[in-house]
Amino acid sequence: MKPLASAKELTQLRDKIQAKLAKQEKKIQVKVHLGTCGISSGANSVLQAFKQGIKTNKLSDASVLKAACIGLCDREPVVTIEHPKTGKTTYYDVTKDKVSKIIQKHLIGNKVVDEWKLDTTDPLLKLQEIRVMHNQDLDPMNIDEYIARDGYQGLAKALTQMKPDDVIAEIGKAGLRGRGGAGFPTGTKWTFVRNAVGDEKYVVCNGDEGDPGAYMNRAVLEGNPHSIIEGMAIGAYAIGNVRQGYAYVRAEYPLAMETLNHAITKAREYGLLGKNILGTGFEFDLDIFPGAGAFVCGEETALLTSIEGKRGNPRQRPPFPANKGLFDKPTTLNNVETWSNVPQIIWKGADWFGSVGTTSSKGTKTLCLVGKVNNTGLVEVPLGTPLGKIVFDIGGGIPKGKQFKAVQIGGPSGGVIPIANLNTPVDYEAVTALGAIMGSGGLVVMDEDSCMVDVAKFFLQFTRDESCGKCTPCRAGIPKMLAFLTKITEGKATMEDLGTLSELADMVCQASICGLGQTAPNPVLTTLRHFKEEYEAHIIDKKCPAVVCSSLFKAPCSGTCPVGLDAPGYIAFIKQNKFDEACRVIMQRLPLPLSVGRVCPHPCEKKCRRQQVEEPISIRHLHRFAADYAFEHGFEYKPEIKERKNERIAIIGAGPAGLSAAWDLTHAGYQITIFEALPVAGGMLAVGIPEYRLPKNLLKKEIDIIQKLGVEIKLNSRVDDIEALLKDNKYQAVFIATGAHKGDKMKIPGEDLAGVFDAIEFLRELNLGKKIKVGQKVAVIGGGNSAIDAARVALREGAKEVHILYRREKKDMPALPDEIVAADEEGIQIHCLTAPTKILGNNGTVTGLECIRMELKEFDTSGRRTPNPIEGSEYRLSFDTVIEATGQRPDTSFLGGDGIGTGKGGTIVADPRTLATNRQGVFAGGDVVSGPATVIEAIAAGQRAASSIKRFLRGEPLSPLVERNGYKPIDVPPIPPTEEELKERPRVPMKEVSTPDRKDSFKEVALSYSPTEAKKEGSRCLRCDLEVGE
Amino acid sequence: MKQLKKPTTTKLRTEKQLSSKTLRQIRKIVEATDGRAGAPIRVLQQVQGLVGYLPPEVLKTVSKEMGIPLAELYGITSFYSFFSLVPKGKYVLQVCMGTSCYVKGAERIMKTLKNDYNLEAGGITSDRKFSLEQVRCLGCCGLSPVMAIKENVYRKVKPSQIKDIMTSYK
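Residues numbered from 1 in each chain as written. Chains lettered and ligands numbered in written order. Predicted model: local features only at pLDDT ≥ 70, side-chain atom pairs only at ≥ 80, totals over all residues.

A. A look at helix α2 (residues 39-51) of chain B. Taking 1.5 Å of rise per residue, the 13 residues of α2 of chain B would be expected to cover 18 Å, and the 18 Å separating its terminal C-alpha atoms lies within 8% of that figure. For α2 of chain B, the full list of buried residues reads Pro40, Ile41, Val43, Leu44, Gln45 and Val47 of chain B. Looking at the buried residues of α2 of chain B, the elements they touch are β8 (282-290) of chain A together with α1 (20-33), α3 (56-66) and α4 (70-79) of chain B. Of the residues trailing α2 of chain B, Gly52 of chain B is marked for its positive phi of about 105 degrees. (Helix = DSSP H or I, 4+ residues; strand = E, 2+ residues; numbered from the N terminus. Expected span 1.5 Å × (residues − 1). Buried ≥ 20, exposed ≤ 12 C-beta atoms within 10 Å, placed from the backbone. Contact = placed C-beta atoms within 7 Å.)

Structure representation (structure tokens):
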């Protein structure tokens, strides 16, 4: 190849290659994408398979080509087929076995294999704007293909039609900002270097992409190397007096190094690097410097020192590299992606570049979307794209139905952005305002299973290891900070330590000499800012809410359970046929084993480690089995109450919170009286949950046991005067646990019509045996458990048709998934994205609903999209009964003038950790304090109250740590699972009454395990309690 | 990375004479790199590629050939994680500890290697077949957790697969 002697020759060459490619396009082209991810997923063998298959089938008009990474790392190997008859098709997860079918059906049969093809309307592709990665369907090892795409035209234009100042002005006008981290305007940086005095200057490319969780530069180096070379040549021309450039590429990227090296050799051959480029007399050459593995070398002065062949210690600034850089000469250092953007800005103009992005952050940004997200990989989006759109639309949301928690952006120098900020546009200013930095664009998604303190610790371990040691704040400050974090994760820290940690963080930020130290505390500072409650949980409650910090829990299931129920313990007993012992383990912690085994939302199962093998074990079903079996076979729970005390405690409300407080206090020997306004005990378990989910005779058995222990329950006894209870020392302490029994109204017209109920009232009246006339066609409004309960009850009360109307999507319904499935099975129709605007009536009676369709818009602070009415979409439906199930709240009107503080939604204000109210000796907990929550949380609140009351009566200070009821823990056999038990197998399903049988009956739907089934399911337990406890 | 480089089960080899062949090759590397920016790092990378690691006798030779004090070379080799002063196993097993791998459970891989092979970061198996490096992001975050042996990157590694992977290396 003779070097190109002019811009004209370049254009001629381009046209020639384009013509050749156009001919090729008439034939079948198989392009195998060969990035590092593709190769490690077997792309090379796919390439070979295609070559072989095409040869065997004698397909003379098909060619197999190599292409760059398209960013779908999770779906590699990826193959694009360009076929004259079917157009362009992209296949993912291609294996050798799939190749022969693709050849037969698609290449020969002209039919796309639809089931393996990537849907081009998928938001993953549709919402992207591919610019930097525009060469991804071309062979990066072939310079011709780059030239065919107007490659090096930007350089030719700059050299022949523009003065250096014009080039800088164009870059400035485009508003290009540094893509490596801080977002400094590139045009300004170049001006500084151009204006610096010196007849020898350098341009340097920073390819030391060291942020864990970021590899977009690798993709550009591997996929579009000529864009970097061209960009650097343009920069060299614009700055002037530059004859040599360096590309610093990290040692961990061998393929990137090879590709860039090849590209440089080719560019020299074509006369696009070297002396007299394109015959213009302009001279510039480029050399690669292989990094040797030091994160700090991503910092500009450290990188330059490293190129000089020394330890990569950063230098004090000023002087800035613009004046004294590489070998003390004026130097501009830009990131890979920044350089890669330059040619297109010059060729297509600043206006084209600014056509996407925001006013201050123009163009696109490549991002690495990794971590707990369905579509992991490399994406390129316009700057300013909302974070939620990136995670949920492009990223496809969180795997396994888990809850999104935060995004870590900008690597160890960046920070976390929490769920409340999903609408944040990803641009330089907005991200910085939240305490993070854009960094090079690593976006690590974290879900409910990530502990934010542990995340901060992870990053500090990283920066501690990577600190060069030159300045003391960084070298000594980071390990000190890490020591505090370790103390926190071990539950040994105090709140004072947290203050010291913040101070230390500020000091390290301010006093370190380079970017590494200055930003190292960011992960700590942002987690402290957005997740302070997680730090407090570790410090005050000695709990890790995400159950990650292993010093703070025995097993993930019991660590998650609000009452710390020892699931591995009772499961171990089930496996040994010791069903009574299993039940005893449960009853040591709570008085309602039969009920909880039926209606608990089992947060434990979400954390079960068995899901790493296949799926979580059925912890709740096993709990229920143990309780059912023991109670059916004459099990008697007889605790030994050591001493009877004289102090008397009044508990208001006989729901799960009240009963569990009574249980713990009576075990400790106190005299308990429970006042219950309703004619039955059990609270929501008695009057909220329908019979088919929880048979009332079972609840009665549990309450009988509580009464047998000496707890007095006064039914039909509404308390109106708290002070009267405390007067004359009648009771020494009071616990208010009256729940949340008042249904919310939607405040729409027609709520006073006959035939309109609120779900809480509806369920309560029916549970108390009262008659309610349910019509033929029933509408239930809402998506929670009460809505499903009301709907299923209405069906059993004789309704012919039951409809649930919910304003969001089905996946957003707060009801338990099992319950939603059951409602579906029973023929209840669920209408989503719809909301009633008016209840219609005639002569004072309901005749129907006027509804409006909803659409989901921005994210709310809980991470769900806000439903907004679609104007003009109103429609009407006829109903004769309407049940509102849109919320419930406590009724605290009984407090009257007692002076006990109330707060939002009618709740009582109590310290969340000690449950103390503003009146000494009066405690409150459960739904009346928290608002509607789960039965297991109510039980936990009861225990917390009991613990505080015991301390109060002993005259001790209250403490956030719950004092258990003083029983000697039962020794659980420490038998680890066998090899056989570790083998993959699904959970044992629980039998249910068939649908036709259950619709008219209130008989319990779910049937208990048999002992054989229970033992089989129990043998799936991994006994994490043994592992972690060691 | 620095503190990870301390060997747990091996000691520095006692110094010995380099073969004349190695010496010749080192000289050639030094000559070829003469005048290029960052020569010491480039030379050390290539010499390590040749010898496998950088024992004292090799560093001394490079120091003499390049005219750079040994202390300076030692400073460089101990600074960059790419360089190793101790021999490595026949296969170097790299476990990525990047953020994405960490979130997806790289710790469990490390734990399995510790429990089943008594292999810790910076250590080597008793048969010298595998040494273990905890490495910073390998840039395969889309496939995490990731582990690499030679050029082979293993994607989405589960602890249960480690035995099969390790026995596939003879």
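From this point, the discussion proceeds with the structure in view.
B. Up close: the pairing of strand β2 (residues 130-135) of chain B. Residue and element names in this part refer to chain B. The element β2 is extensively covered by neighbouring structure, given that five of its six residues are classed as buried. Bridge analysis of strand β1 (residues 91-96) against β2 gives six bridges, and the strand direction is parallel. Within the sheet, the bridge partner assigned to Gln94 lies in β2 and is Glu133. (Pairing = 2+ DSSP bridges.)

C. Quick peek at the sheet that holds strand β12 (residues 404-409) of chain A. All names here are of chain A. The five strands are arranged β11-β10-β14-β12-β13 in an open sheet whose pairing can be described as mixed. Two strands lie at the open edges of the sheet, namely β11 (377-382) and β13 (415-418), each paired on one side alone. Each adjacent strand pair in this sheet contributes to an overall mean axis angle of 30 degrees, direction not counted. Here four bridges tie β12 to β13, and the two strands are oriented antiparallel to one another. Its bridge partner being in β13, Val407 is matched across the sheet by Ile417. (Axes fitted to C-alpha atoms, helices over the stretch in contact; angles between N-to-C directions.)

D. Representation of the interface of chain A and chain B in the model. Between chain A and chain B, the residue contacts involve 42 residues of the former and 34 residues of the latter. Mapped onto the side of chain A that touches chain B, the elements with two or more residues apiece are α2 (36-40), β8, α13 (300-307), β10 (364-371), β14 (442-447) and α18 (452-466) of chain A. Class assignment for the residues of the side of chain A that touches chain B results in 18 nonpolar, 14 polar and 10 charged. (Nonpolar A, V, L, I, M, F, W, Y, C, P; charged D, E, K, R; others polar.)

E. Here's a closer look at the sheet that holds strand β18 (residues 733-736) of chain A. Residue and element names in this part refer to chain A. Strands sit in the order β17-β16-β15-β18-β30 across an open sheet of five strands; the sheet is parallel. Two strands close off the open sheet at either side, each with one partner strand: β17 (712-714) and β30 (922-924). The average undirected angle you get between the axes of adjacent strands in this sheet is 20 degrees. In this structure, strand β15 (residues 648-652) lies alongside strand β16 (residues 671-675), joined through five bridges in parallel fashion. Paired with Ile652 across the two strands is Phe675, which belongs to β16.

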